[in-house]
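Each chain, letter by letter, is given below.
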Amino acid sequence: QVQLVESGGGLVQAGGSLRLSCAASGRTFSSYAMGWFRQAPGKEREFVAAISSSGGSTYYADSVKGRFTISRDNAKNTVYLQMNSLKPEDTAVYYCNTRFGAFYWGQGTQVTVSS
């Protein structure tokens, strides 16, 4: 069983930055490709970014390319999402999971970008 805990969200003005963290317990996820997802009010959860198990490859949704960077530290069993140049449309609850959602979803962390 893997328990995921997201943190680092908050309120930020447009153009600002936040760094999200996803820590796992119960089992290491070093062998899994991991991803970040987000869900805005009234919308379905959407894919944001993914990173291969070794961290050698990354992939981003078109909406965040050039602004967000996903990284991981397998020794700490942690995945990060550096978010720069934030826009109001980035407002959502952000979740981490395996690339294809194999683990139970955590509570997520709220990111609110004001205009």
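As shown above, the structure is provided for reference.
Model, not experiment: these values are computed from the prediction.

*Asks:* Just give me the short version of the sheet that holds strand β8 (residues 78-83), but keep the residues and values in it.
*Replies:* Pairing within the open sheet is antiparallel, and its four strands lie in the order β1-β3-β8-β7. The sheet is open, and its two edges are formed by β1 (3-7) and β7 (68-73), each paired on a single side. Going from strand to strand, the sheet's axes swing by 15° on average, the running direction of each strand aside. Alignment of strand β3 (residues 18-25) against β8, held across six bridges, turns out to be antiparallel.

*Asks:* So what about the pattern of salt bridges? Which residues, and what values?
*Replies:* Applying the stated criterion across every chain, the model contains four salt bridges. Here Lys65 makes a salt bridge to Asp62, at a shortest N to O gap of 3.0 Å. Residue Lys65 is classed as partly exposed on the basis of its relative accessible area of 46%. By relative accessible area, which is 65% here, Asp62 ends up exposed. Between Asp90 and Arg67 there is a salt bridge, with the nearest N and O atoms lying 2.7 Å from each other. With Asp90 in the loop between β8 and β9 (92-98) and Arg67 in the loop between β6 (58-60) and β7, this residue pair connects regions lying 23 residues apart in the sequence. Across the pair, exposure class does not vary: Asp90 and Arg67 are buried alike. Ionic contacts of the salt-bridge type, sharing partners, join the residues Arg38, Glu46, Arg67 and Asp90 into one network.

The rules behind each value
Residues numbered from 1 in each chain as written. Predicted model: local features only at pLDDT ≥ 70, side-chain atom pairs only at ≥ 80, totals over all residues. Heavy atoms only, no water. Pairing = 2+ DSSP bridges. Helix = DSSP H or I, 4+ residues; strand = E, 2+ residues; numbered from the N terminus. Axes fitted to C-alpha atoms, helices over the stretch in contact; angles between N-to-C directions. Salt bridge = Lys/Arg side-chain N within 4 Å of Asp/Glu carboxyl O. Buried < 20%, exposed > 50% of the residue type's maximum accessible area, 1.4 Å probe, protein only.

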